[in-house]
Amino acid sequence: QVPEKKLKLVMADKDLYKACAVEVKRQIWQDNQALFGDEVSPLLKQYILEKENILFSNEISFLQNFFSPSPKTRRQGEVVQKLTQMIGKNVKLYDMVLQFLRTLFLRTRNVHYCTLRAELLMSLHDLEISEICTVDPCHKFTWCLDACIREKFVDNKRARELQGFLDGVKKGQEQVLGDLSMILCDPFAINTLALSTIRHLQDLVGQDTLPRESPDLLLLLRMLSLGQGAWDMIDSQVFKEPKMEAELITRFLPLLMSFVVDDHTFTVDQKLPSEEKGPIPYPSTIPEAFTKFLQENRIACEIGLYYILHITKQRNKNAFLRLLPALVETFSDLAFSDIFLHLLTGNLTLLGEEFALEEFCTSLFDGFFLTACSRKENVHRHVLRLLLHLHHKVAPAKLESLQKALEPSKQSGEAVKELYNQLTEKLELRKPSPAEVTETPSMELPLPTVPTPASR
């Protein structure tokens, strides 16, 4: 403990303050929120920037994506480690950081602040700082959810535990729901809950069971709903769980299950010996209700988007092209959000060969991506990322029209211009030189190579 007088002298001298040990700085910070805010602010900016850089990375892969690093690896990041060190065992400083994160989340709606909220708590948990972990009412819930995120699945045992924590929120302590909703709004949590939901739906198809009869599925929806409602709850300061719409369970989820059944039926039909009848076409229409749900219901939209990621990962071109038109208009434009587009572009690399087909490219680019490129810069960036990766697969005529359509405008940001220039350079390199064009094509026969007249 440094006496108050001495702390004031340290604060008055910038060089002395800079040279101070962190233990002394903590004593200064705990009574100077503005000063502490100045120290924390650049770290928070850096954190958000790092997350955005991963989402817009030029490396596109379905194996390595935004959600690949384990929670433990993520907590080793520079910002989380620095904040953990600045807080030490000081509950007051920890509360201040949480307050900054809530305020910034409210101001920007940026969900990465929710990730940092969970990572910070789990970083203190790793260091066994009980002074803080025991007073944060979200600790055990976050710890349990962290294990689910690590496995990318919510198993039955952990589902029961999580449910116990949610049901255990006592009267008079409803504010805890605000913090729990923020923990559940972390994209890593949403990703885990949505993936688990899709897996559950597939299992239910196999068991001939309806969604309303599965308590585990209903719990996943309850947590998705809490996570998705985090911003509204913290903004309104009304701490109660959002009401679940019955139609989501009785109409939307059975609709998704019917798509799974369509796939199975089509696959089985393909394997049957072909009699006189012509081949059965894959269903191409989308039920109107599906499109409407994606536009009007946030949770239906989130689950629908994850179902589309799932079929893309399975290289199910038919199902993908059938549901793609529903993505043009979605709740809050979720289909044009960075996280979804980051995952979609990664999964589309699995359908690389389809990019040679005019019909596929027209549906994907003209029917989906280009509908938003001019009004949403992030979409423009994601399309350019995808083409940088797959341009060699696209038919030349289509590539030319895409190059024209994606030309940056005067208002476009530096990132878009930079990506477009990279793409243009790659396409220039691919153009055959005039000498190559006039060369006589070699005969592909297993004969010893004889020099052709042109190359003598």
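See the structure above.
Attention here is on the structure that accompanies the text. Only a predicted model underlies this, so the values are computations on that prediction, with no experimental measurement involved.

Describing the overall build of the protein
Scanning the protein from N- to C-terminus turns up 25 helices and 0 strands. Across the 456 residues in the protein, those meeting the buried criterion constitute 48%. Roughly 23,900 Å² of accessible area belongs to the protein as shown, and the carbon and sulfur atoms make up 54% of that amount.

Some details on the packing of aromatic side chains
Each aromatic ring pair is described using two quantities: the centre-to-centre distance and the angle formed by the ring planes. A complete count under the given rule lists 17 aromatic pairs for this structure. Relative to Phe-165, the ring of Phe-141 lies with its centre 6.2 Å away and its plane at 75°, an arrangement referred to as edge-to-face. With Phe-141 in helix H10 (residues 139-151) and Phe-165 in helix H11 (residues 156-167), this residue pair connects regions lying 24 residues apart in the sequence. For Phe-141, a relative accessible area of 1% gives the class buried. Relative accessible area serves as the criterion here: at 27%, Phe-165 is assigned to the partly exposed category. Through pairs of rings, three or more aromatic residues link up here, namely Phe-320, Phe-336, Phe-355, Phe-360, Phe-365, Phe-368 and Phe-369. Across the ring face of Phe-188, the terminal group of Arg-74 is positioned such that the distance to the ring centre comes to 3.5 Å. Over the ring of Trp-231 we find Arg-109; its NZ or CZ atom is 3.5 Å from the centre of that ring.

So, unusual backbone geometry
Most peptide bonds take the trans configuration, and most residues that are not glycine carry a negative phi. If you check the backbone angles, Glu-128 has positive phi at about 55° while not being a glycine. Residue position: Glu-128 is located in the loop between helix H8 (112-126) and helix H9 (130-133).

Description of the pattern of salt bridges
The final tally for this structure, using the stated rule, is 25 salt bridges. The salt bridge partner of Glu-119 is Lys-51, with a shortest N-O separation of 4.0 Å. Of the two residues, Glu-119 is situated in helix H8 and Lys-51 in helix H4 (residues 33-55); the sequence distance between them amounts to 68 residues. There is no split in this pair, since Glu-119 and Lys-51 are both buried. Measuring nitrogen to oxygen at the nearest pair gives 3.1 Å for the salt bridge that ties Asp-179 to Arg-117. With Asp-179 in helix H12 (residues 176-185) and Arg-117 in helix H8, this pair connects stretches of sequence that are 62 residues apart. Relative accessible area serves as the criterion here: at 12%, Asp-179 is assigned to the buried category. Connected through salt bridges with shared partners, the residues Lys-72, Arg-75, Asp-126 and Asp-146 form a single ionic network.

Some words on the environment of Leu-226
Residue placement: Leu-226 occurs in helix H14 (residues 215-228). Taking the C-alpha atoms as reference, Leu-226 lies 6.5 Å from Pro-242; in sequence the two are 16 residues apart.

A few points about the nonpolar core
Formed by 140 residues in total, the largest nonpolar core has its most connected members in Phe-252, Leu-348, Phe-355, Leu-364, Phe-365 and Phe-369. When neighbours within four sequence positions are excluded, Leu-348 is seen to be in contact with Thr-312, Phe-320, Phe-355, Phe-360, Leu-364, Phe-369, Leu-386 and Leu-390.

Remarks on helix H3 (residues 22-29)
Burial of H3 is extensive: 7 of the 8 residues sit out of reach of the surface. For H3, the set of buried residues is Val-22, Val-24, Lys-25, Arg-26, Gln-27, Ile-28 and Trp-29.

Description of helix H7 (residues 91-108)
Over its 18 residues, H7 runs 26 Å from end to end, which matches the ideal 26 Å to within 8%, given 1.5 Å per residue. Among the residues of H7, the N-terminal cap falls to Asn-90, whose side-chain oxygen and the backbone nitrogen of Lys-92 are separated by 3.0 Å. Of the residues flanking the end of H7, it is Arg-109, one or two places downstream, whose phi is positive at about 60°.

Quick notes on the packing of helix H17 (residues 288-296) against helix H18 (residues 298-313)
Put simply, H17 and H18 touch, their axes get as near as 6 Å, and they point 115° apart. By the angle between their axes, H17 is roughly perpendicular relative to H18. Remark: the crossing between H17 and H18 carries left-handed chirality. Between H17 and H18, the contacting residues are Phe-293, Leu-294 and Glu-296 on the first element and Arg-298, Ala-300, Cys-301 and Gly-304 on the second. The residue inventory of the contact of H17 with H18, partitioned by class, reads 4 nonpolar, 1 polar and 2 charged.

Considering the state of the cysteines
Overall, the coordinates contain 0 disulfides when judged by the stated rule. Free of any disulfide, Cys-185 has its nearest neighbouring cysteine sulfur in Cys-114, separated by 3.9 Å.

So, the side chain of Gln-228
Within the secondary structure layout, Gln-228 lies in helix H14. Residue Gln-228 is classed as buried on the basis of its relative accessible area, which comes to 12%. In contact with Gln-228, other than residues within four places in its own chain, are Ile-190, Arg-298, Ile-299 and Glu-302.

Focus: the side chain of His-139
By secondary structure assignment, the location of His-139 is in helix H10. Dropping the residues within four chain positions of it, His-139 is found in contact with Leu-121, His-125 and Cys-133.

Here's the deal with the environment of Lys-376
Among the structural elements, Lys-376 can be located in the loop between helix H21 (358-373) and helix H22 (377-390). Between the C-alpha atom of Lys-376 and that of Phe-336, which follows or precedes it by 40 residues, the distance is 8.2 Å. Every residue in contact with Lys-376, bar those within four places of it in the chain, is listed here: Asp-333 and Phe-336.

Examining the packing of helix H20 (residues 338-348) against H22
As a packed pair, H20 and H22 sit with axes 10 Å apart at the nearest point and diverge in direction by 15°. Here H20 is positioned roughly parallel relative to H22, judged by the angle of their axes. Relative to H22, H20 is oriented so that their crossing is right-handed. For the pair H20 and H22, the contacting residues are Asp-338, Leu-341, His-342, Thr-345 and Leu-348 in the first and Asn-378, Val-379, His-382, Arg-385, Leu-386 and Leu-390 in the second. In terms of residue class, the contact of H20 with H22 is made up of 5 nonpolar, 4 polar and 2 charged.

What counts as what
- Residues numbered from 1 in each chain as written.
- Predicted model: local features only at pLDDT ≥ 70, side-chain atom pairs only at ≥ 80, totals over all residues.
- Heavy atoms only, no water.
- Helix = DSSP H or I, 4+ residues; strand = E, 2+ residues; numbered from the N terminus.
- Buried < 20%, exposed > 50% of the residue type's maximum accessible area, 1.4 Å probe, protein only.
- Areas by Shrake-Rupley, 256 points an atom, 1.4 Å probe, with all protein chains shown as cover.
- Phe/Tyr/Trp six-rings, centres within 6.5 Å; stacked < 30°, edge-to-face > 60°.
- Lys NZ or Arg CZ within 6 Å of the ring centre and 35° of its normal.
- Salt bridge = Lys/Arg side-chain N within 4 Å of Asp/Glu carboxyl O.
- Core = buried A, V, L, I, M, F, W, Y, C linked by side-chain atoms within 4.5 Å.
- Contact = heavy atoms within 4.5 Å.
- Expected span 1.5 Å × (residues − 1).
- Polar contact = N/O pair within 3.5 Å; in protein donor to acceptor, adjacent residues only side chain to side chain.
- Axes fitted to C-alpha atoms, helices over the stretch in contact; angles between N-to-C directions.
- Parallel < 35°, antiparallel > 145°, perpendicular 65-115°, else oblique.
- Left-handed = near helix turned anticlockwise from the far one by under 90°.
- Nonpolar A, V, L, I, M, F, W, Y, C, P; charged D, E, K, R; others polar.
- Disulfide = S-S within 2.5 Å.

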